[in-house]
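Take a look at the letters that make up each chain.
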Amino acid sequence: MKSIIQFSMKSALALCLVVLLIVAGGIYSLKELHIEKYPNVDIPYLTVFIPYPGASPEQSMNDIGEQMEREFIKLEGGKNVYTGGVANAAYSTIEFDMSIDMKQAEQLVRASIDKIQLPKLAEEPKFELSSPDDNPIVFSMGIYAEENYEEVQNFMKKRIIPLIEVIDGVSEIEVGGVADRLVLVRLIPKQLEESGITINDVKTAISANNLSMPTGDISVSNEVLPVRINKELKSVEDVKKIKIFTQGANSKTTKTLPGTITLGEIAEVTYESEYTNNITRINGEQGVSLGIMAEGGANVVAIVDQVKEEMKNLDLPEGYKVETLRDQSIEIKKSVYSMLKEAFLGALMAVVVTLLFLRNIRSTIIAVISIPVSIFASFLLMKTIGYTLNIMTLAGIAVACGRVVDDSIVVIENVFRRVRASKERNDKLIEQATREVASAITTSTITTVAVFLPLAFVPGIVGGFFKPLAWTIVISLLISLIVAITLVPLLSRIFLLKTTLKEPQENALQIWYRKRLTWVLKHRFITLTTALLILVGSVAIITPRLGTTFLPQEKVNDFDVEIKMEKGTAPKKTIEAASKVEKILIDQEDINLVNTNIDGASESATISFVVKDSVVNINGFVKDLRSQFTTITEPEKITVSGVGGIIGGAEGRYTLVVNGSNSEDLKKASEQIKTSLKEVEGMTDVTTSLEGEEPEIVIDLDEVKLAEKGLMPAVVAQSLRTLISGDIVTTMRMEGEILEVKLGLKMDEITSIEKLGNQKINNVMGMPVSLKEIGELKRVDNITAVSHLNGNEYIMVNGTITDEKVGDVIAKADEIINDLELPENISYYKEGASASMSDGFKDLFIAIVISIFLVYLVMVIAFREGKAPFVILFAIPFSIIGALIGLYIVNEPIGMPVMIGLLMLNGIVVTNAIVLVDKVKQNERSGMIKQEAIIEAGVIRIRPILMTAIATIGALIPMAISNESGMVSKSLSVVVIGGLSTSTLLTLFIVPILYSLFNLQKK
C-alpha cells in the first residue's frame, strides 16, 4: 500500500494522463453502449409451434406432439418438456438448465425437428425463445386510409417491409391486416348437385386449361423449331370461362357433343384475400399494422430511431395516415435517462455533503474529481465485458455514486484534518495521513465487494437478472478504492498543502457526541436492551403489515383487452363483440389510441389501447372500463391486462402444474384446486388447461359401404379437405404477379350437417358419391387440448393476482391447496412467478448469509483476530429497523429489490463500523486505555462516518422520491436510506458498547 501511494505522489503527470484516458474512454463507452430496458438474460424456455390445419387436439398430439416429445426428452441440458395438442396445431416448450446457451439450444431443437416425420398437411415449425420483456415487439405502427384499403396493403408489402427488414438488429417483422391475395374458386353446392359435377371434375378442368407444354421439334424452312401448346389463365374472367363437361352429356344414346357448363355458372370466382375474418383497425379505421422484433442484445433505441428515420423519408400517398401503436424506445429512454439523471443528482448530493462537513472548496474539488473518474472507469469496463445500459446496470451506477465517494471522503477528511493541524507540511504528511486510513478503507471496500459477489453467482433467472447490478457495483467500488489511494493523495498534495493553519479543536457535534458516548459506556446494559427492544419490536410490528411480492409493479399506460368467444362461435359474432368493446374504448377521452386485431377463425380478438399520461389514477380508470365491459354479454371472457413488467408481467400470475397417472383423478384434482383458488382474495381469472369443449363434426366411415362405392378413407379425407379448406390447384400470372388459384366449397351455403352429407366426391372410377352414402355424420364435443409433461398427462391451473402483495396471495393459495384432500396419485408444483418468487427469496437469503460470512472472513484477515470483527457484525441487524420503517412509510412490500437493499446494507454498515474500530485499535496501540481509546476514536471518526453515511443517503434520495425510477431502484434506495439512517446512529453507540464488553480491560 505504501509503495502505491508513493508512486502516485511521484508520478503526477503519468497519473493525470491515465485519468484523462479513463475519462475519455468512459465518455466514448457511454455513447457506444447499447440501450435496453432489461438485461439480456437467457430465459431457459424455448417453444416450438407447428400448425396442423384441420387436426383435432388428439390428432395433433398423436401425429406431431408425441414425436417432438420423444426427441426433446433426449436433448442435453433439458429439464422438462411440456407438449400440447390443440385444434389445428401442436406445440412443445422445452425448459433448459440455466447453464445452457439458448442459441445453441435452439440449434439442437431445430436439428431434432429435422429428424421428425411431419404429416403432409403440417406447416413450417415456428421457434420462439422467451425473453425478459413480455412483448418482443419493440416498435409497431399502423397505416390506414379512408379508402383504398387494398392499396394500403400493397404499399405495406412492397414499400415499407423491404425498407424495414434490412435494418441491422431487426430479427422479425410481424404484419397484421395484410394477407396475400389469390384467385378463389368457391363452388356453389346447389349448382354442383344439379349439374352432377364433383370437385374433382372442376380440379381437372382448371389444371387442363392452364398449361404451357413443349410437344417436340419440327423442321420448317431449314429451321428446327420447338412446338409448344400454350393455354394460360391471365384474368379472373379467363377462370370463369373454363368449360367443364357435364355427366349428362356422356349418354351412349346420343351422338351430340358432350354438354358443357362454364365454371362461372357453378362457382364464385374472385380475386381477394382468403382471410376476410382477420381484421386490423386503428382508431376504428380498417388498416394494416407492422411490428418489429429485435435480436437479443441489439440496440433497441438505435433500431427504432432508424425505423422512424426511414418512415420520415418515405413519401406517403395522399390520404395515408401513420400511427405509432407502441414504441418501447420511449419507455427505455425514459427509464435510462431518468436513472442517469438520478445518478448525476446523487453525485451532486455527495459533493454538497462533503462541502457542508469540510467547509473547504479545495477538499470538495477533490471529491468532485474522484466521482466521475470512478463512474467513467465503470462505463469503460462495462463496455469491455459486454454489458448494456439498462435499469439494472444504471441502478448499480446510481447506488455506487453514493458509495464510491466514501473511500475518498475518509482519505480527504483525514488528510484535511492532519494538514490543517500541522505546521510542517510536505508530501510525507499526505502519505502518512493516507496510510493511516488506507487499511481501513481497503478492508471496508473489500468487505462491501464480498457482500455483492454472492449476488453475482445466484442461480436461476433471478440471479441472471440481478447479476449486472452486482458486477456494476463491484467494479465501481474497486475503482473507487484505487482512486482513493492514488488520485486523492496526489490531488491533496496539489490543493490542501496550502490550507490555513488551525489549532485542532472539537466542534459542537463532537462535544455532543463525547458526552453521549461517555454516558452510554457507563449505562451499557440499558442502552443495549433498549436497542434490542426497538429491533425486535420493529420486526414484530412492521413486517406483517408490509406483505411480500416478487418485483414491484411498474406503472403502465399500455393495456391489452383479450376477448375470447365460446368455441365454435361464427366469425361474424366475434367481429360484432370486438366492435362493441372497441367503441367503448374509442369513446373514452382519456385514451390516446385504440388498435384492434380480430381473428374470427380463432374466436378471439385483441384490442390494445394507450391511456394518456394525464390520468392520475390509472388503476381506477381501468377498473371502470372492466365494469363497462360486463355489459357486453356475447364473449365467454373479457380480460384487461397491462403491458409491461418482466416476462410478460409474470409477477402477477399464479401457475400450478398438476400431475397424475390417472386421467379421471387428474381432472377431479384440477377442478378441486380451481374451485378453491377462486375463493382466494386477490386472485381472479382462475382457469385450467382442460377447460371448455370444442364442438366438431365427425364422419364415421363404414368399411362395407366404402368398398361398395370404390373409395378408401384417405381419398375421402383428401377430397373432403379440398371441399372445406380448399386446395391450391394451379398458379397463374395476373397484374405482373404469380397468383395461386385455390379451389373449395362455398361454405356459407352449407348450413347443416345434412347439406354437408349431400356433397359428392369422385370414386376410383370417376363416379360421384355423396358423403352420407359412405358413413354417418354427427356433431360431438371434444376436449380443447391434450397436454403432456415429460411424456405423462398433466393439467395446468392458472390464476391472475390482482393484489400488489403478491407473496401474501401466493401464501394463501398454497395454504388452501395444501389443505385439500386430493387423490393419492396426484402431485403438483408451482411454475412461473410463484416458483421464481420462492426460489428467489431462498437464493437471496443464502446469498445474504454467505455475504455475512465473507465479510467476517475479510475482517478476520484484516484485523488478525476474531473478536473485533465479531463486534462489527453486530451492527448489521440494527439496519433492519430503519429499512422496515422506510418501507412502511412509502407503503412498499418486501420483494427482491428489498432483499438486494438489505444485502447492500451489510457492506455499508460494516464499512462505518470498520472505520471506527480501526481507529480504536490504533489508539490502543498508541498506549490509550480502552475507555479513552473508544471515546477518542469515536470523536475523531464521527465526522467521516456521518459524511459517508449522509453522502450515500443523499445520493439515493433522488431515486427514492422519483416517480420515474425503475421498479428496482425505488425499493432498494428506500431500504438503504432507512437502514443506513438507523444503523449509523446505532453504530456510533452500539459498536463501542459491544467492543468494550468483548474486550474487557486487563488489570
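Residues numbered from 1 in each chain as written. Predicted model: local features only at pLDDT ≥ 70, side-chain atom pairs only at ≥ 80, totals over all residues. Heavy atoms only, no water.

As recorded in an unreviewed UniProt entry, the chain goes by Acriflavin resistance protein and comes from Viridibacillus arvi.

## Some points on the environment of Ile-4
Looking at the secondary structure, you find Ile-4 in helix 1 (residues 2–10). Judged by its relative accessible area of 38%, Ile-4 is partly exposed. For the pair Ile-4 and Thr-447, spaced 443 residues apart in the sequence, the C-alpha separation amounts to 21 Å. For Ile-4, the residues in contact, after removing those within four places along its chain, are Ile-485 and Thr-486. (Helix = DSSP H or I, 4+ residues; strand = E, 2+ residues; numbered from the N terminus. Buried < 20%, exposed > 50% of the residue type's maximum accessible area, 1.4 Å probe, protein only. Contact = heavy atoms within 4.5 Å.)

## Considerations on the domain arrangement of the chain
As assigned here, the chain comprises domain 1 (1–32 + 360–503), domain 2 (44–130), domain 3 (182–273) and domain 4 (506–546 + 831–1002). Computed over C-alpha atoms, the centres of domain 1 and domain 3 are 85 Å apart. (Domains from an automatic or database assignment.)

## Comments concerning empty space enclosed by the protein
Tallied over the full model, the rule gives 3 cavities of 30 Å³ or more. Within this model, the largest cavity holds a volume of roughly 90 Å³. Lining the largest cavity are Pro-189, Leu-192, Glu-193, Gly-196, Ile-197, Thr-198, Leu-723, Asn-758, Gln-759 and Lys-760. For the lining of the largest cavity, the element with the highest residue contribution is helix 6 (residues 189–195), accounting for 3 residues. (1 Å grid on protein atoms, 1.4 Å probe; cavity = no way out; pocket = protein on both sides within 12 Å on 5 of 7 lines; lining within 4 Å. Points joined across faces, edges and corners; volume = space filled by probe spheres on them.)

## Some points on the sheet that holds strand 12 (residues 267–273)
Here 4 strands make up an open sheet; going across it, the order is 12-7-24-23 and the pairing mixed. With one partner strand each, in any of the chains shown, strand 12 and strand 23 (727–734) form the two edges of the open sheet. Across the sheet, the mean angle separating the axes of adjacent strands is 25° when strand polarity is ignored. Relative to strand 24 (residues 737–745), strand 23 runs antiparallel, the two being bridged by 7 bridges. From the neighbouring strand, Thr-730 faces strand 24, where its bridge partner is Val-741. (Pairing = 2+ DSSP bridges. Axes fitted to C-alpha atoms, helices over the stretch in contact; angles between N-to-C directions.)

## Quick look at the packing of aromatic side chains
Each aromatic ring pair is specified by the distance between its two centres and by the angle formed by the two planes. What the rule picks out here adds up to 6 aromatic pairs. Their ring planes at 85° and their centres at 5.5 Å tell us that Phe-155 and Tyr-320 sit as a pair that is edge-to-face. Here Tyr-320 lies in the loop between helix 10 (300–313) and strand 15 (321–327) and Phe-155 lies in helix 5 (residues 149–165), a separation of 165 residues in the sequence. Under the relative-accessibility criterion, Phe-155 is labelled buried at 9%. According to the relative accessible area criterion, Tyr-320 is buried, its value standing at 13%. (Phe/Tyr/Trp six-rings, centres within 6.5 Å; stacked < 30°, edge-to-face > 60°.)

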